[in-house]
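Each chain, written out:
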Amino acid sequence: AVALVEKEPVPTPAPVIVAPPKQRRTMIVIAGMVALLVLAAGVVQLTGLGHKPDVLTKFWKPVFDSGEPLLVGVAHPLVYQPSNRAQQLNESRLPPMQTPMQRPLQLPPKELDGNDIIPVADQYVGYGDMVAANQVTAMLARKSKSVRLRLSNTISFADLRQVPVLLIGAVTNNWTMTFQPNWRFQFAYQPGNMNVLVDTFDKPAAGTKQKQWNVAVTSDGSASEDYVLICRLKNASTGGFQVVVAGVKQFGTEAAGRLVSDPDQLALVLRDLPAGWENKNLQVVLHVRVIGNTPAQPEVAASYVW
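Numbers given for residues are sequential positions, taken from 1 along each chain in its written order. Totals for whole chains, interfaces and linings use every residue, but because this is a predicted model, local features are given only for residues with pLDDT of at least 70 and side-chain atom pairs only at 80 or more, for both listing and counting. To get the side-chain values, take all heavy atoms of the structure and skip hydrogens and water.

### Quick notes on helix H4 (residues 127-142)
Rules: Helix numbering and strand numbering both begin at the N terminus, where a helix is a DSSP run of H or I of at least 4 residues and a strand a DSSP run of E of at least 2. Expected helix span is given by 1.5 Å per residue-to-residue step, counting one fewer step than there are residues. Only protein chains enter the calculation, and the probe is 1.4 Å; a residue is then buried if its accessible area is under 20% of its type maximum, exposed if over 50%, and partly exposed in between. Any two residues having at least one pair of non-hydrogen atoms within 4.5 Å are treated as being in contact.
Relative to the 22 Å expected for 16 residues at 1.5 Å per residue, H4 spans 23 Å between its end C-alpha atoms, a close match to the ideal helical length. Restricting attention to buried positions, one finds in H4 the residues Gly128, Asp129, Val131, Ala132, Ala133, Val136, Met139 and Leu140. Against helix H2 (55-65), strand E1 (70-74), strand E4 (147-151), strand E5 (165-168) and helix H7 (250-259) lie the buried residues of H4.

Now the structure itself:
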């Protein structure tokens, strides 16, 4: 018997569609344009030409570029506390407490003398200074930049050399007051007004006052406004980059710390500065309203770039 073997059908080749010459040229041109666009995007990304740094990045660029952590010098206000004698006398006049808590002195002035007021240094930080330090360190942490936090009076000039520095606070920060004679806008003491900001470039005529910004403070230390000084020194006397944020009162320091950590607030304040300010030294005086012991958005009162 002869076995019959069935042959598998040979598949029919798919028809080859040949585009007309004109259509082929169009497809080649489109493919070439896409390739060029991809290549250009890669070059832009590699060279950084496609990234325009925001104001916050420009302001803090020397810190971001430095291999050293930012050294933060916080002010150390002098605080007065009652003596042990005064505290014991006060507690003997008040009802007992089940839970120990702070209580203000409730003694008549005639029962106290100068020895009952004890000055305490290097143990306390003002609320505005604390907020400013927290705002800046948190902002830098989000950008993976570390800081060293120190009380200003524990910092030596050698520590400040060749490293980026942030000084927080005015008259309670010894380094702010040490460096300020080189600045146009400075903090000054005037009887009756306590601490004020003055424009040292203003030379008043005889019988007139130098241009200044002062704050009316109530007996409990509160105020309805404050003034702020922000310094950004590209070439500080330390040989490095230096930023100073300080208010006449604590409200201004708090506002300054929030401002230099917020790109939107900072952009509003620096928008009218001359082009290239990031490569120069600058000072800005700001006015801030205080509402319920909380500072509002600061407004520029004066600025200087050199």
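### Thoughts on the layout of surface pockets
Heads up, the rule is: Whether a set of points on the 1 Å grid over the protein atoms alone is a cavity depends on a 1.4 Å probe fitting there but being unable to get out, while an open set qualifies as a pocket with protein on both sides within 12 Å along at least five of seven lines; lining residues are those with an atom within 4 Å of a point. Grid points are joined across faces, edges and corners, and a volume is the space filled by probe spheres set on the points.
In this structure, the second largest pocket occupies an estimated 230 Å³ of space. In terms of lining, the second largest pocket is formed by Tyr80, Gln81, Pro82, Gln87, Asn90, Glu91, Met101, Gln102, Arg103, Leu105 and Tyr124. For the lining of the second largest pocket, the secondary structure elements donating two or more residues are strand E2 (79-82) and helix H3 (84-93).

### Digging into the nonpolar core
Note the cut-off: Each nonpolar core is a collection of buried residues, namely Ala, Val, Leu, Ile, Met, Phe, Trp, Tyr and Cys, held together in the definition by side-chain atoms within 4.5 Å.
Counting residues in hydrophobic clusters, the biggest one holds 32 residues, and the most contacted among them are Phe59, Trp60, Leu166 and Ile230. Ranked by residues supplied to this core, first place goes to H4 with five residues. Residues within four places of tryptophan 60 in sequence aside, it is in contact with Leu70, Val136, Met139, Leu166, Val243 and Val260. By size, the runner-up hydrophobic cluster in this structure holds 28 residues, among which are Leu71, Ala223, Val244 and Val290.

### Regarding unusual backbone geometry
Here the phi dihedral of serine 144 falls at roughly 60°; this positive angle occurs in a residue that is not glycine. Within the secondary structure, serine 144 is located in the loop between H4 and E4. Backbone geometry places glutamine 162, a non-glycine residue, at a positive phi of 65°. Mapped onto the elements of the fold, glutamine 162 is located in the loop between helix H5 (157-160) and E5.

### Brief notes about the pattern of salt bridges
Let me state the cut-off plainly: Whenever a carboxyl oxygen of Asp or Glu lies within 4 Å of a side-chain nitrogen of Lys or Arg, that contact is scored as a salt bridge.
Tallying each qualifying case throughout the model produces seven salt bridges. The closest approach of N and O atoms between aspartate 65 and lysine 61, which form a salt bridge, is 2.5 Å. Of the two residues, aspartate 65 and lysine 61 both sit in helix H2, four residues apart, roughly one turn of that helix. A residue is classified by how much of its surface remains accessible, and lysine 61, at 44% relative accessible area, is partly exposed. For arginine 184, the salt bridge is made with aspartate 199, and the minimal N-O distance between the two is 2.9 Å. Here arginine 184, found in the loop between helix H6 (174-179) and strand E6 (185-190), pairs with aspartate 199, found in strand E7 (residues 194-199); they are 15 residues apart in sequence, far enough to count as distant.

### So, the packing of aromatic side chains
In this description, a pair of aromatic rings is defined by centroid distance and the angle of the planes. Short version of the rule: Only Phe, Tyr and Trp rings are paired, with Trp represented by its six-membered ring, and only when their centres lie within 6.5 Å; those with planes under 30 degrees apart are stacked, over 60 edge-to-face, the remainder tilted. Here, a charge over a ring is recorded when the distance from Lys NZ or Arg CZ to the ring centre is within 6 Å and its angle to the ring normal is within 35 degrees.
Under the counting rule described, the total for this entry stands at seven aromatic pairs. Ring centres of phenylalanine 157 and phenylalanine 179 lie 6.5 Å apart, and the angle between their planes is 50°; this geometry places the pair in the tilted category. With phenylalanine 157 in helix H5 and phenylalanine 179 in helix H6, this pair connects stretches of sequence that are 22 residues apart. The partly exposed category is assigned to phenylalanine 157, whose relative accessible area is 34%. Using a relative accessible area of 5% as the deciding quantity, one classes phenylalanine 179 as buried. Members of the aromatic cluster, connected to one another through ring pairs, are Phe157, Trp175 and Phe179. Lying over the aromatic face of phenylalanine 59, arginine 232 brings its terminal NZ or CZ to 5.5 Å of the ring centre.

### A word on the packing of H2 against helix H8 (residues 263-270)
For the record, the criterion: Axis definition: a line fit to C-alpha positions, over the contact stretch in the case of helices; interaxial angles, taken between N-to-C directions, run 0 to 180 degrees. An angle counts as roughly parallel when it lies under 35 degrees, as roughly antiparallel when it exceeds 145, as roughly perpendicular when it falls between 65 and 115, and as oblique in every other case. Each residue is assigned to one of three groups, with Ala, Val, Leu, Ile, Met, Phe, Trp, Tyr, Cys and Pro labelled nonpolar, Asp, Glu, Lys and Arg labelled charged, and all others, Gly among them, labelled polar.
As a packed pair, H2 and H8 sit with axes 8 Å apart at the nearest point and diverge in direction by 85°. Relative to H8, the element H2 lies roughly perpendicular. Within the contact between the two elements, H2 uses Val55, Leu56 and Phe59 and H8 uses Pro263, Leu266, Ala267 and Leu270. In the contact of H2 with H8, the residues fall into seven nonpolar, no polar and no charged.

### Re the packing of H2 against H4
The interhelical angle for the contact between H2 and H4, taken along N-to-C directions, is 80°, at an axis separation of 12 Å. Relative to H4, the element H2 is oriented roughly perpendicular. Between H2 and H4, the residues in contact are Leu56, Trp60, Val63 and Phe64 and Val136, Met139 and Leu140, respectively. Counted by class, the contact of H2 with H4 contains seven nonpolar, no polar and no charged residues.

### Some words on H3
In plain terms, the rule: Working definition: the arc comes from the directions between the helix axis and the C-beta atoms, pointing outward to the latter.
By the burial criterion, the buried members of H3 are Ala86, Leu89 and Asn90. Each buried residue of H3 lies within a common arc of 100° when the element is viewed along its axis, so the set occupies one face. Facing away from the buried side of H3 by over 90 degrees, the exposed positions are Asn84, Gln88 and Ser92.

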